[in-house]
Structures are given as C-alpha cells and as structure tokens.
Amino acid sequence: MIRLFKHYIPYPLLFLGLLDLCLLVFAAEISWIFRASQIGMAAGSIFDRPAPILSFALALEVALVAVGVYGTEALQSLRFAGARILVAISLGVIFLSIMAFILPGITLWRSNSLYAMLLSIFLLMAVRIILGKILDSNVFKRRLLILGAGPRAERIAQLSRKPESGFIVSGFVDMNEGPAIVGTAVKRSDISNLPQHVIDLEVSEVVLALEERRNSLPVADLLIVKTTGVHVNDMSSFLERETGRVDLDSVNPSWFIFSDGFSSGRRISTAFKRGFDVFLSLLLLLFTGPIILIFATLIMLESRGGAFFKQERVGLYGQKFNILKLRSMRADAEIAGQAVWASENDPRITKVGNFIRKVRIDELPQAWSVLKGEMSFVGPRPERPQFVDNLQTKMPYYTERHMVKPGITGWAQINYPYGASIEDSRHKLEYDLYYAKNYTPFLDILILLQTIRVVLWPEGAR
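(A) Molecular detail of the nonpolar core. Residues Val246, Phe256, Trp411, Leu433, Tyr435, Leu443 and Ile447 are the most contacted members of the largest nonpolar core, which totals 34 residues. When residues of this core are traced back to their parent elements, those giving at least two are α10 (253-258), β9 (320-326), β10 (376-378), α14 (385-394), α15 (411-415), α16 (422-438) and α17 (441-456). In terms of residue count, α16 provides more of this core than any other element does, six residues in total. Excluding its chain neighbours within four sequence positions, the residues that come into contact with Leu433 are Val246, Leu248, Phe256, Phe262, Tyr397, Glu400 and Arg401. Ala57, Leu64, Ile89 and Met117 belong to the second-largest nonpolar core, a separate cluster that totals 28 residues.

(B) Structural context of the sheet that holds strand β4 (residues 167-174). Ordered in space as β5-β4-β3-β6-β7, the five strands form an open sheet in which the pairing is parallel. Looking at the sheet topology across the chains shown, the edges are occupied by β5 (186-187) and β7 (231-234). Relative to strand β6 (residues 205-208), strand β3 (residues 142-147) runs parallel, the two being bridged by four bridges. When the bridges of β6 are listed, Leu145 appears paired with Val206. Contacting β3, β4 and β6, helix α6 (residues 151-160) runs over the sheet at an angle of about 160° to β4.

(C) Here's a closer look at the pairing of β4. As paired elements, β3 and β4 share six bridges and run parallel to each other. Across the sheet, the residue bridging to Arg142 is Phe167, located in β4. Here two bridges tie β4 to β5, and the two strands are oriented parallel to one another. Opposite Asp174, over in β5, you have Lys187 as the bridge partner.

What counts, and where the lines are drawn
Residues numbered from 1 in each chain as written. Predicted model: local features only at pLDDT ≥ 70, side-chain atom pairs only at ≥ 80, totals over all residues. Heavy atoms only, no water. Core = buried A, V, L, I, M, F, W, Y, C linked by side-chain atoms within 4.5 Å. Buried < 20%, exposed > 50% of the residue type's maximum accessible area, 1.4 Å probe, protein only. Helix = DSSP H or I, 4+ residues; strand = E, 2+ residues; numbered from the N terminus. Contact = heavy atoms within 4.5 Å. Pairing = 2+ DSSP bridges. Axes fitted to C-alpha atoms, helices over the stretch in contact; angles between N-to-C directions.

Below is the structure:
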C-alpha cells in the first residue's frame, strides 16, 4: 500500500486508477482526431488542446471514484463494474455538458463527447477483462509472517481469506504464549534463527499478533529483521491500515498515545475545512432550497405535523446543539421525547419519509447547522444525548469521536450501512475513530465523492 495524506491506498487500485486516467486521455484524443477528420479539419496534437482533453479525463476519473468503480464489488464482478462505469460516464458527461455553457473553451465539442464516451466505456471494460485476473492474483499481494498462533493470529488469517485482501500469510510462528489455534504455526523453539526464517520466506512484513508481549516479544530478533528492510508492525496498526478502521478489540490507551494521528497542529487544514464548509453549505442551500420546499409540502400533505423538526445532538467536545431535518416519521413517533433507534421497515416512517431517507433529502436542512459552524459536511454523525450517555458506558474511547466536528456524511456512513443497535454503533465508532485520527482535506474530498455512491445506491438506509 501507498500512504497519501495519511490514507492508505492499495497499489493495484492506484495502478488501475492511473491506467484508467491514461485511457480516458487516449479516448478523448482519438475522438478529437476522428471528428476532425470527418469535418476536414487539421487535428493537430494533444499539446494544442490540453484543456479539453484533460478536463474530459479528470471529470470522468472523478466520477469513477465517486460511484465506487474502485470498490471491492466492482473489482470482483465485471457486471457490477460495467454498471458503475456506465453511471460514472453518464455523470461525467452531464457535468461536462453543464460546463460547456459556462466555460466552452475547456470542454470537448458535443459531437466529440459522444465518441469519447463510447470509446471510454469500451476501453475501461477491456482493461478490466484483461487485468481482472492479474489484479486479483497474488502478484500484487504482500507476503506476511505472523508472530503468534492464538485468537489474534486467527483473526488475521480470516482477513487474508477475503477476496479483497491485499496480503497473503506465508507463515505463523507459535511464540509459546499459550494454546495455539492456528494449526499450521511453526514452534518458536523449532526455529534456530528467526531473522533468517523471515528472509527464507521472502516476506515484506512481520506482524505481531501476540496475546501477551511481556515474555514472548523477541526484541533482539525484531531489531535485526527491521534492519534488513522488512516492516515490523503491531496488530492494531496493521488492522487500521488494512480495514480503514480502528479495531477496538486490539487497541489500548498506549497505542492511541504513541501512534501517528490526532494531530492538533493542523490549523491550515482546519481553516480550509471551515472555508469549504461555508462555501458548500451556501451553495447547497441555494440550489436545493426548492427541493426542500417541495418535500416539506408533501410531508405536511401526507401526515399531520410540521415539515421540519429540531433534535438535540452532541457535537464537538461534547457540546449540545440542535439540528434541523425534514420530518420522515409520524409526529407522534417518540412518546414524551424518548429517543428510540430506527429499525428496518420501521412503521413510524411515512411514505414520503421513506423516500427522502433513501436518497438523503431529509439531511439537506442540516446545511444550516454547517453554515453556523455547529457541524461540518464531513465528520462523525452527531448522536442523541441519550444514546451518547448509554454508549459511553459500553464502549471504550467513545468520547474520542467528539474531538472533531460532527458531519452530514462521514467515513462510517460510506463504509458501513445504517446502524440501529449497540453492535452497529461499535462498528461505526471504529470508522469514526479512524477519521478523527487520520483527518486531512484529501480524506474529506474522498468521503464527499463516495457519498454520491451512497445516495445513488442507498444500501442499508433506514
């Protein structure tokens, strides 16, 4: 994996993304040459028209990221990938068509766009057919040696068996710390030279999955392994990198203290984030105002009660504030103000409410909270005070999610379906902690783009 702005990106995905970008540039250039030959015009070279070619390629590449073309499902299914590519190309061309009226000098001719779109679809699908097996093979996967043979080591073994896994386990070493669960583990006593064993297996990383480090950590051997260029990682950092979340079952307070992240020295990033929030919230309220009014009217026509409702939530540093949402449930959904989690097929949800929840229209009025500075566009979802009081007693490190502003969308929202239980909240907390620990403007932009995928394919929304 390569780390860009604190966020890990697998090498195969980076390679595929760069290849797609090159193919899009190629498609735009070929379509230009073809159209020029049809009308008897000199085609020239790409250097004569970099703005139209690059704007087409970059717009479509952003659309590919936004709809999840580089997600796990799209990499494993050509049918799934084809559907996402068609949607991405369509979104990209619609965006470029709008831009053609605003900045006509930086876009392709309309006739070119059709040729470029068709050629792009063909090339993007062809490269996935050709490289599909290669990208999914062990060629790009890292080889690991796991020190440990207990439950922690077994968790890594299970993770390696998933199709989206970016690594393979070359071996396990039983460090004599208790009963071994992994049957293929080699006894530490049977290995005369651990560093040489690492070299013989040709691994690129050693992961410490020890149940108890005090008496079983081979410090001297690990120092030698480290100096040979092999990475040595603890299990918590390894799982954070591979899963994009902070694993609550393996972390401890010292890991939070000494690991990279939760940096307070990011004033430029914070200023950028606030400026971006103000601009985007004004833009969103301006363009979605008519949509909000239309659905507010439909809500009042369907059921008694107001179209909007305020709800108290917990924000930055545990401070309470009120968010504004379009009402999606009956007016009597909560008796005496008692907070109740939404359930699947919740009978309290109205017909209009079910639709606006699916496409996230009920969240649009929260842009007002973003404009006021109580929320951000990207961050952990703000919870009800009653839920927070309950979850803080049942989950470690829950208060740490309040070290960043809550958001309309977030890392948990694009990676985990809607949660309405203690277990769901635990999984979402792991993603929220990852965001709070590794926040950068790059991660915010990635989350905003991926939110388009969640809106278009609202799996798990309630």
